Amino acid sequence: MREKGVEARRAVLLNDFVAQWRAVSPEALEAMDRVGGSGWYILGREVERFESALSSTWGIEHAIGVGNGLDAIEIALRASGLHAGDKVLTTPLSAFATTLAVVRCGGVPVFVDTDRSGLLDLGLARAVLSRDRGIRFLLPVHLYGHALDLQTLRELRNEHGTVVIEDCAQAIGARSHGCAVGTVGAAAAVSFYPTKNLGALGDGGAVLTPDPQLAGRARTLRHYGQSSTYVHDELGLNSRLDELHAAVLGDVLLPRLASWTARRAEIARRYREGIGGCHVEVLPVPEGSDSVWHLFPVLAPQGRRDALRSHLRDEGVGSGVHYPTLIPDQEALRREGIGEIHGELDRARSIADREVSLPIHPFLTDEEVERVIGAVVSWKG
Ligand SMILES: *Cc1c(COP(=O)(O)O)cnc(C)c1O
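Given the structure is predicted, the values throughout are model-derived calculations rather than measurements.

Trainee: Sorry if this is basic, but what is going on with helix H9 (residues 305-314) here?
Mentor: One full turn of an α-helix is made of 3.6 residues, so residues set three or four places apart face in the same direction. Those residues of H9 lying buried are Arg305, Leu308, His311 and Leu312. Seen from one end, H9 has its buried residues packed into an arc of 130°, which puts them on one side. Exposed and facing more than 90 degrees away from the buried side of H9 are Asp306, Arg313 and Asp314. Of the surrounding secondary structure, the elements contacted by the buried residues of H9 are helix H11 (346-354), strand S16 (355-358) and helix H12 (366-377). Phi turns positive, to about 80°, at Gly316, one or two residues after H9.

Trainee: It is not clear to me how the site of the ligand should be interpreted in this structure. Could you clarify?
Mentor: Taken together, 16 residues lie near the ligand, and Gly69, Leu70, Asp167, Ser191 and Lys196 sit nearest. At 2.9 Å, a backbone N or O of Leu70 approaches an oxygen atom of the ligand. The fraction of the free accessible surface of the ligand (380 Å²) that becomes covered by protein chains is 89%. When residues of the shell around the ligand are traced back to their parent elements, those giving at least two are helix H3 (69-79) and helix H4 (96-104). Top element by residues in the shell around the ligand is H3. It accounts for three residues. Within the shell around the ligand, the residues separate by chemical class into eight nonpolar, six polar and two charged.

Trainee: In this structure, what is going on with unusual backbone geometry? I would like to understand it.
Mentor: For residues that are not glycine, phi is negative in most cases, and the peptide bond is trans in most cases. Here the residue pair His322 and Tyr323 is connected by a cis peptide bond, since its omega of 10° sits within 30 degrees of zero. Looking at where Tyr323 falls in the secondary structure, it is placed in the loop between H9 and helix H10 (331-336). In this structure, Tyr224 is a non-glycine residue whose phi angle is positive, near 65°. Note on placement: Tyr224 falls in the loop between helix H7 (212-222) and strand S10 (226-228).

Trainee: For this particular structure, what's the right way to read the packing of aromatic side chains?
Mentor: Remark: the centre distance and the inter-plane angle together describe each pair of aromatic rings, the angle taken between the planes. On inspection of all chains with the given rule, the structure shows four aromatic pairs. Both rings, one in Phe50 and one in Phe192, keep their centres 5.5 Å apart while their planes meet at 75°; by these two values the pair is edge-to-face. Taken as a pair, Phe50 in helix H2 (residues 45-58) and Phe192 in the loop between strand S8 (187-191) and strand S9 (205-209) lie far apart in primary sequence, 142 residues in all. Pair check on accessibility: Phe50 and Phe192 agree, each one buried. Ring geometry for Trp260 against Phe363: centres 5.4 Å apart, planes inclined by 70°, an arrangement best described as edge-to-face. Of the two residues, Trp260 is situated in helix H8 (residues 243-274) and Phe363 in the loop between S16 and H12; the sequence distance between them amounts to 103 residues. An aromatic cluster of at least three residues, connected via ring pairs, comprises Tyr271, Trp293 and Phe296.

Trainee: Hey, could you run me through empty space enclosed by the protein in this one?
Mentor: Here the idea is plain: a probe the size of a water molecule rolls over the atoms and shows the empty space left. Inspection of every chain in the model, using the stated rule, returns one cavity of 30 Å³ or more. Size it by volume and the largest cavity reaches roughly 110 Å³. What lines the largest cavity is a set of 14 residues, and nearest its centre among them are Asn15, Gln20, Pro194, Arg264 and His361. When residues of the lining of the largest cavity are traced back to their parent elements, those giving at least two are helix H1 (17-38) and H8. Taken together, the residues that form the lining of the largest cavity break down as five nonpolar, six polar and three charged.

The rules behind each value
- Residues numbered from 1 in each chain as written.
- Predicted model: local features only at pLDDT ≥ 70, side-chain atom pairs only at ≥ 80, totals over all residues.
- Heavy atoms only, no water.
- Buried < 20%, exposed > 50% of the residue type's maximum accessible area, 1.4 Å probe, protein only.
- Helix = DSSP H or I, 4+ residues; strand = E, 2+ residues; numbered from the N terminus.
- Arc of directions from axis to C-beta.
- Contact = heavy atoms within 4.5 Å.
- Near = heavy atom within 4 Å.
- Polar contact = N/O pair within 3.5 Å; in protein donor to acceptor, adjacent residues only side chain to side chain.
- Areas by Shrake-Rupley, 256 points an atom, 1.4 Å probe, with all protein chains shown as cover.
- Nonpolar A, V, L, I, M, F, W, Y, C, P; charged D, E, K, R; others polar.
- Phe/Tyr/Trp six-rings, centres within 6.5 Å; stacked < 30°, edge-to-face > 60°.
- 1 Å grid on protein atoms, 1.4 Å probe; cavity = no way out; pocket = protein on both sides within 12 Å on 5 of 7 lines; lining within 4 Å.
- Points joined across faces, edges and corners; volume = space filled by probe spheres on them.

Written as structure tokens, this is what we have:
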């Protein structure tokens, strides 16, 4: 047993899956027992129940449970009419999956720079969409749990007839000027990867859409492209949300999401009050965003990220980086010469070089929150 100082205390974790399990296990086990005993494990009542709960919570008419967030984006793009060779305007700063989904269905990613918050710069997007009328799709990401400006997204959709698919993997429940993310696009894609705000005990995802036809195509695509048993109208995927995950999500996790989000927002408020006048900069929140704080991103001075992270580690505080490399700089795209870049990506690159994510899950105690703040402000730079 270590005795004194920081080392005796448990490290503040970036995510605490065990704490989540402790909070839900009796109910989760009950849900699992119900599924096991039903003898029905794929595309049954549990998935339907969860889809309808998710759709009514979110306020989008149709929800289609799928295997993961990557597939949710691919299925949303294909169901909304993307064909091989179509260009998709998107952000260089996101999970690689955002762009991978585009490439997997034969689309061509087009990158523009981010704004100061690290989200797709919608002013630049507007300029590129006006200049290149061949770009029919827009795939914005509500990154870090922040909401992009939905009024501007609506304008881009209306002015140019652009098909908007919103990547809401990090932003379930976020609002822009009171309006829920995911409600402007032809469809929204969400992930239930364990680290996400609504994190399952494994992989999962969903497509949400107000359009019944798009919903029907998404259902077909997730299930081998079958329109009915053994009738294949499309070349689909095998990407179904399991009954087991749906039961746990619907019974146990979704009902807790609002209070978990409130706790994240409370922690963000404390961080924003407590972290100031030091060598670490808090990334600004987009105007009008009521964020759900999937992550709490800060910036280290250029070239000092590793030093900051190792100081945090010494203080017993975990951290992450989202994301260290811009998507168009990834070897998988560069090697094949995939994608177009419009303009410089200076802001995105600066964030990729400097960003550090602080722990912000709902199971942090007040004492842990204070420890994180103390660790950040005590860093000598
Ligand atoms: C996690 C994530 C994805 C991919 O979701 P998976 O379920 O891991 O496939 C896509 N986009 C963003 C912004 C993400 O954070």
